[in-house]
Amino acid sequence: MIVSTVCVLFLLLGEFSISLHMSCSAVSRMDCVGASELCLKEPGCSTKYRTMRQCITGKEGNISAEGRDECRSALDALKQSPLYNCRCKRGMKKEKNCLRIYWGLYQHLQGNDFLEESPYEPMTSRASDIFRLAPIYSGDPALARENNCLNAAKACNLNDTCKKYRSAYISPCTSRVSTAEVCNKRKCHKALRQFFDKVPARHSYGMLYCSCPPGDQSACSERRRQTIVPACSYEDKEKPNCLALQVSCKSNYICRSRLADFFSNCQPEPRSLSGCLKESYADCLLSYSGLIGKEYGDDPKLPAIP
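Here's what I pulled together on the structure shown here.

Rules used throughout
Residues numbered from 1 in each chain as written. Predicted model: local features only at pLDDT ≥ 70, side-chain atom pairs only at ≥ 80, totals over all residues. Heavy atoms only, no water. Helix = DSSP H or I, 4+ residues; strand = E, 2+ residues; numbered from the N terminus. Contact = heavy atoms within 4.5 Å. Areas by Shrake-Rupley, 256 points an atom, 1.4 Å probe, with all protein chains shown as cover. Disulfide = S-S within 2.5 Å. Buried < 20%, exposed > 50% of the residue type's maximum accessible area, 1.4 Å probe, protein only. Salt bridge = Lys/Arg side-chain N within 4 Å of Asp/Glu carboxyl O. Polar contact = N/O pair within 3.5 Å; in protein donor to acceptor, adjacent residues only side chain to side chain. Phe/Tyr/Trp six-rings, centres within 6.5 Å; stacked < 30°, edge-to-face > 60°. Lys NZ or Arg CZ within 6 Å of the ring centre and 35° of its normal. Core = buried A, V, L, I, M, F, W, Y, C linked by side-chain atoms within 4.5 Å. Axes fitted to C-alpha atoms, helices over the stretch in contact; angles between N-to-C directions. Parallel < 35°, antiparallel > 145°, perpendicular 65-115°, else oblique. Left-handed = near helix turned anticlockwise from the far one by under 90°. Nonpolar A, V, L, I, M, F, W, Y, C, P; charged D, E, K, R; others polar.

### As for the overall build of the chain
From N to C terminus, the chain includes 16 helices and zero strands. Contacts spanning at least 24 positions in sequence make up 66% of the contacts within the chain whose residues lie at least 6 apart. When the accessible surface of the chain is totalled, it reaches about 16800 Å², and 55% of it is carbon and sulfur.

Structural data, given as structure tokens:
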């Protein structure tokens, strides 16, 4: 508590160095927008940060050997600033700007293929509890006898926000555009993204991760699939190349971030209790849902829920 207070006082007074940035960020990790604003207020950090940004926008072949050394020097210096430890909050007001700052630094430190670490802050305990209670894989016999998907749909209809955004995606995701097109995919994806962005987690994830009763597995699973991930959102006449989708995804900050979050949190490990390498079952569910409604040039398409 004392250390945090001292850090805040120094930051307010503006009397700090890049090394102090690092000390304070260790106490309380900042989001990348705040870290960027803080860095720009301090002359030493600001100079290095501006140099880095010029290096990012410049063409590698057009930068002299001396210039490349300066770029590397700037990046090394920024490793001691709060920018190096910054993360973003999913759904934050300036999420895209935050992710742009994050990748601007990390792509040059780790390389363009760097997708092993999530740019998002770890899930809060409250959000984790919502996913921990998700009954899709529940072994509770009492829950298994219930049609939780039907219960989740009823609960959504009783919530004004859920009902509004569910209706908003059902229309574009089920209306045939022509004999060749099942629906307008772009509008369908946009409406699906808004559903997960705007609807309370207990309703949106309740519908996505509901469990089906043993006697109705096949039919219930298909209803769940069509309810939350309509066929229009992922079916194509020709299956897209996964590598091509990944390359396309990397060109968009939000898509790249959701994909990195998925890779980071959903690495399998058969010997773990949750089946996840990091015991990150709840984080993996959140990461999976973050890919829904994403497409070419925006985010990757999501396969149907099994």
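Let us keep going from here.
### Section: the state of the cysteines
Going through the model one piece at a time under the given rule, you end up with ten disulfides. The disulfide bridge from Cys149 ends at Cys210, spanning 2.0 Å between sulfur atoms. The disulfide joining Cys149 to Cys210 has a torsion of about 90 degrees about its S-S bond and is therefore right-handed. Within this pair, whereas Cys149 is found in helix H9 (residues 148–157), its partner Cys210 is found in the loop between helix H12 (201–208) and helix H13 (217–228), the two being separated by 61 residues in sequence. Accessibility assignment for this pair places Cys149 and Cys210 in one class, buried.

### Some thoughts on the pattern of salt bridges
One pass over the full model with this rule turns up eight salt bridges. The partner of Arg72 in a salt bridge is Asp69, and the shortest N-O contact between them spans 2.4 Å. Taken as a pair, Arg72 and Asp69 lie in helix H5 (residues 65–78) at a separation of three residues, close to a single helical turn. Residue Arg72 is classed as partly exposed on the basis of its relative accessible area, which comes to 47%. Asp69 gets classed as partly exposed once you look at its relative accessible area, which sits at 42%. With a closest N to O distance of 2.5 Å, Arg90 and Asp261 form a salt bridge. One end of the pair, Arg90, is in the loop between H5 and helix H6 (95–110); the other, Asp261, is in helix H15 (residues 253–265), and 171 residues separate them in sequence. Arg90 gets classed as partly exposed once you look at its relative accessible area, which sits at 28%.

### Considering helix H3 (residues 32–40)
Counting buried residues in H3 gives seven out of nine residues, a clear majority hidden from the surface. For H3, every residue scored as buried is listed here: Cys32, Val33, Gly34, Ala35, Ser36, Leu38 and Cys39. The N-cap residue of H3 is Asp31: its side-chain oxygen and the backbone nitrogen of Val33 are 2.9 Å apart.

### Quick word on the packing of aromatic side chains
This structure, assessed with the given rule, holds six aromatic pairs. The rings of Tyr169, Phe195, Phe196, Tyr205 and Tyr209 are connected pair by pair, giving a single aromatic cluster. We note Arg53 situated over the ring of Tyr49; from NZ or CZ to the ring centre the distance is 5.2 Å. Cation over ring: Arg90 sits above Tyr120, and NZ or CZ is 4.5 Å from the ring centre.

### Focus on the nonpolar core
Counting 28 residues, the largest nonpolar core has Tyr169, Phe195, Phe196, Met207, Leu208 and Ile228 as the members making the most contacts within it. Those elements that place two or more of their residues in this core are H9, helix H10 (160–174), helix H11 (185–198), H12 and helix H16 (281–289). It is H11 that provides the largest number of residues to this core, a total of five residues. With 26 residues, the next largest nonpolar core counts Met52, Leu78, Tyr106 and Ala260 among its residues.

### Considering the packing of H9 against H12
Their axes nearest at 8 Å, the elements H9 and H12 cross at an angle of 150 degrees. With respect to each other, H9 and H12 are oriented roughly antiparallel. When the axes of H9 and H12 are compared, the crossing they make is left-handed. Only His203, Gly206 and Met207 of H12 make contact with H9, whose side of the interface consists of Ala152, Ala153, Ala155 and Cys156. Residues that form the contact of H9 with H12 fall into these classes: five nonpolar, two polar and no charged.

### Considerations on the packing of H9 against H10
Where H9 contacts H10, the axes come no closer than 6 Å and their chain directions differ by 105 degrees. By the criterion of interaxial angle, the relationship of H9 to H10 is roughly perpendicular. Of the residues in H10, those in contact with Ala153, Cys156 and Asn157 of H9 are Cys162, Lys163 and Arg166. Taken together, the residues that form the contact of H9 with H10 break down as three nonpolar, one polar and two charged.

### Side note on the side chain of Ser221
Here Ser221 is to be found in helix H13. The exposure class of Ser221 is buried, given its relative accessible area of 14%. Setting aside anything within four residues of it in sequence, one finds Ser221 in contact with Cys212 and Asp216.

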